[in-house]
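Residues per chain, in single letters:
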Amino acid sequence: MSTQAPADAPKPPPPPNVIKIDGREIPYEPGDTIIRAAHRAGIDIPHYCWHPGLSVAANCRMCLVELPPPPGRPAMRLDILKWDAAKKDYVVDNKPKLQPACQQGCSPGMEVLSESSDHVAEARAAVQELLLVNHPVDCPICDQAGECRLQDYWLEHQRTGKRMQQEIVHKAKAQVFGPTIVYDAERCILCTRCIRVSDEVAKDPVLEIRERGNLGEIFVSPGRELDHDYTLMTEHVCPVGALTSTDFRFKARVWFLRSARTVCQGCSTGCNAYLDFDPRTNAAQRYRPRDNMEVNKYWMCDEGMLSYKHASAGGRVLSARVGGDETDLPSALDAAKSQLAKHDPAKVAIVLSAQHSLEDNFALVTLAKTYLGANSFFITGKRLGKADDILMSADKNPNTTGVVQLLAATGDAAKPLSDLLADSSAFDHVIALGSEVEVEVGDVLSGLRNKKVLTIASHDGPLARVARILLPATVWAETDGTYVNKQGKAQQSDRALRSLGDSVPGWLLVAKLGRALGFAMNWRKLSEIRRAMNTPTGAPEKAAVDNDGAKAGTEARS
Ligand code: SF4
Ligand code: SF4
Ligand code: FES
């Protein structure tokens, strides 16, 4: 008799892609390791060497879990010597062979014991103790204190005093690896994350490990420095205080910092970032990448990481100026009213800024088209710069696409600033956003010298210098704003800092200017202008704002 099922018999359903961790069912995707599935589900399996954006090294053993065998299969066990207190001697015993969750793949119905296994708890405590045997007690002076895995996991998985009484193995401290990174070999747990960031993210295998056991350390290839474009990512992934950034070292204690969800302003990639700032001093202290699988995954480039400094950089415009003299905002708006009285709409040039948010640009486009009747639009921003095929874009402006889309929706084209300078005799008035220009400074100063220029800017620059009336705008870190990256994704950046001086958001300055000119530009709250941006007034439909992309699961520690 044939044992084959008839051809048209329904196939049994494939086993569901589900595993159980400590009795909780979680789904997994084909190819997932246990830790990846757990990470996606928000379950934290302790780990040092594993990182969701890097290959698996499986060298720290902090992620060990117990895998009870499926029914009918023998358990894998490990022979051990166990201390017998009664006999006062070691006796032969065995225990389950634990597996690294970062390397073990998932299979249907797999049972995983993590927090619920005494064997796992014992193994994690032992790994933790081993890592701390030669670790210096640097916490009071270590920059990682407060966000160090050794500290966190000691509390969560060890909580015992040190048994080793001998002097620790000393190694070199504060080795300069390159312009941005300093290495402390004593603190290093040899997880190799920094090596893999250089190999796999920056594509520059400049770091390696030498020696073994307690003599092991990371070193830079002879004749080289750690100087690729993603060096700060080595510090970012270092789970302990072995790699520190030259910029952030000894600057702040992390427990005093707060974080705002921002978008990097360094280029048109629009990497998602946390801006860490000290609310006591109102100072930005550093950027950290914010995971977004559709934009920057887990990473940022060095140029972007250091661009947070622009928030507190000098050269700010902190009060209104009329004819070069400081004044208050109402007086400057009065002067603007006089300057724009009886303007000829055909002779008004509007300069939008790819450095400014969609809200600021939308407000200026609305003032120009709806109220002033102006239809000549130009766009400016920073010059082109370095690009790569990892993250960095040549366009060093966060919102070029947003401005282009804004104008396209109204049927207008964004001409470069150089076109305005070449044809400046056609205009009497210029209303400009921003301070950065991609053309020669001298060309702006001479080309617009005799024009009635009104500029809204946060920093000094050629368009501020040539302005008869200058209105003080906040920087991106002092206000909420929307930026459209080169993929066309509209992303919101949240306010971190209190605004300085008399500065207010650019869109609010435009609304105040409109009201001073007698127009009904009644936006006073961010929600009001955002609502206006979504209304069919000739402005573009705002793309669904998406700050998180495929961020699921990244709440767990990476
Ligand atoms: S320096 Fe940090 S990231 Fe690199 S191996 Fe040591 S502990 Fe790991
Ligand atoms: S690639 Fe661009 S957006 Fe991303 S961190 Fe670098 S400068 Fe910022
Ligand atoms: S061995 Fe799995 S995280 Fe290190």
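All of these numbers come straight from a predicted model, not from anything done at the bench.

**Student:** Summarise the site of ligand 1; cite the residues concerned and give the values.
**Tutor:** The local shell around ligand 1 holds 13 residues, among which Cys-188, Cys-191, Thr-192, Cys-194 and Cys-238 are the closest. Its residues assigned to classes, the shell around ligand 1 comprises eleven nonpolar, one polar and one charged.

**Student:** Quick rundown of the packing of helix α8 (residues 358-372) against helix α14 (residues 526-533)? Include the residues and the values.
**Tutor:** Here α8 crosses α14 at 65°, and the two axes come no closer than 10 Å. The orientation of α8 relative to α14 falls into the category roughly perpendicular. Considering the relative orientation of α8 and α14, their crossing is left-handed. Within the contact between the two elements, α8 uses Leu-358, Glu-359, Phe-362 and Ala-363 and α14 uses Leu-526, Ile-529, Arg-530, Ala-532 and Met-533. A class-by-class count of the residues in the contact of α8 with α14 yields seven nonpolar, no polar and two charged.

**Student:** I'd like a description of the pattern of salt bridges, backed by residues and values.
**Tutor:** Oppositely charged side chains can form a pair if their charged atoms are brought close together. Taken as a whole and assessed by the stated rule, the structure comprises 27 salt bridges. Linking Arg-187 and Asp-138 is a salt bridge whose minimum nitrogen-to-oxygen distance equals 2.9 Å. Taken as a pair, Arg-187 in the loop between β9 (181-183) and α4 (193-201) and Asp-138 in the loop between α2 (118-133) and α3 (149-158) lie far apart in primary sequence, 49 residues in all.

**Student:** If you had to explain the site of ligand 2 to someone new, which residues and values would you point to?
**Tutor:** By nearness alone, every residue bordering ligand 2 is listed as Cys-264, Gly-266, Cys-267, Gly-270, Cys-271, Met-300, Cys-301, Gly-304, Leu-391 and Met-392. Broken down by class, the residue content of the shell around ligand 2 amounts to seven nonpolar, three polar and no charged.

**Student:** Give a detailed account of the pairing of strand β21 (residues 429-433), specifying residues and quantitative values.
**Tutor:** Walk down a regular strand and you will see the side chains alternate between the two sheet faces. Summarising burial for β21: five of the five residues are buried, a large majority. Residue alternation in β21 divides its side chains into two sets, His-429, Ile-431 and Leu-433 and Val-430 and Ala-432, and both sets are buried. Where strand β18 (residues 348-353) lies against β21, four bridges are found, and the strand directions are parallel. Each residue of the ladder has a partner; that of Val-348, found in β21, is His-429. Bridge analysis of β21 against strand β22 (residues 452-457) gives five bridges, and the strand direction is parallel. Paired with Ile-431 across the two strands is Leu-454, which belongs to β22.

**Student:** If you had to explain the sheet that holds strand β13 (residues 258-263) to someone new, which residues and values would you point to?
**Tutor:** What the three strands build is an open sheet, ordered β13-β14-β15; its pairing is antiparallel. This sheet does not close on itself; its edge strands, each paired only once, are β13 and β15 (283-289). The mean inter-strand angle of the sheet, taken between neighbouring strand axes irrespective of direction, is 30°. Here six bridges tie strand β14 (residues 272-278) to β15, and the two strands are oriented antiparallel to one another. Along β15, the bridge assignment pairs Tyr-274 with Arg-288.

**Student:** So what's going on with the environment of Asp-428? Residues and values would help.
**Tutor:** Structurally, Asp-428 can be placed in the loop between α10 (417-422) and β21. According to the relative accessible area criterion, Asp-428 is partly exposed, its value standing at 36%. Considered as a pair, Asp-428 and Arg-449 are 21 residues apart in the sequence and their alpha carbons are 11 Å apart. Ignoring sequence-local partners within four residues, the contact set of Asp-428 consists of Lys-347, Lys-451 and Lys-452.

**Student:** Please set out the side chain of His-157 residue by residue, giving values where relevant.
**Tutor:** Within the secondary structure, His-157 is located in helix α3. Apart from residues lying up to four places away in sequence, His-157 is in contact with Pro-46, Met-62, Glu-115, Ala-121, Arg-124 and Ala-125.

**Student:** Hey, could you go over the packing of α8 against helix α13 (residues 506-516) for me, with residue numbers and the actual values?
**Tutor:** Orientation of α8 relative to α13, taken along the N-to-C sense of each, is 20°, at an axis distance of 7 Å. The orientation of α8 relative to α13 falls into the category roughly parallel. Where α8 crosses over α13, the handedness of that crossing is left-handed. Residue-level contacts link Glu-359, Asp-360, Ala-363, Leu-364 and Leu-367 of α8 to Gly-506, Trp-507, Val-510, Leu-513 and Gly-514 of α13. Its residues placed into classes, the contact of α8 with α13 shows six nonpolar, two polar and two charged.

**Student:** Break down the sheet that holds strand β8 (residues 175-176) for me, citing the residues and quoting the values.
**Tutor:** An order of β8-β9-β12 is seen for the three strands of this open sheet, with the pairing classed as antiparallel. The two strands at the open ends of the sheet, each matched to only one other strand, are β8 and β12 (243-245). In terms of strand pairing, β9 meets β12 through three bridges, oriented antiparallel. The residue bridging Val-182 from the neighbouring strand is Thr-244, located in β12.

About the criteria used
- Residues numbered from 1 in each chain as written.
- Chains lettered and ligands numbered in written order.
- Predicted model: local features only at pLDDT ≥ 70, side-chain atom pairs only at ≥ 80, totals over all residues.
- Heavy atoms only, no water.
- Near = heavy atom within 4 Å.
- Nonpolar A, V, L, I, M, F, W, Y, C, P; charged D, E, K, R; others polar.
- Axes fitted to C-alpha atoms, helices over the stretch in contact; angles between N-to-C directions.
- Helix = DSSP H or I, 4+ residues; strand = E, 2+ residues; numbered from the N terminus.
- Parallel < 35°, antiparallel > 145°, perpendicular 65-115°, else oblique.
- Left-handed = near helix turned anticlockwise from the far one by under 90°.
- Contact = heavy atoms within 4.5 Å.
- Salt bridge = Lys/Arg side-chain N within 4 Å of Asp/Glu carboxyl O.
- Buried < 20%, exposed > 50% of the residue type's maximum accessible area, 1.4 Å probe, protein only.
- Pairing = 2+ DSSP bridges.

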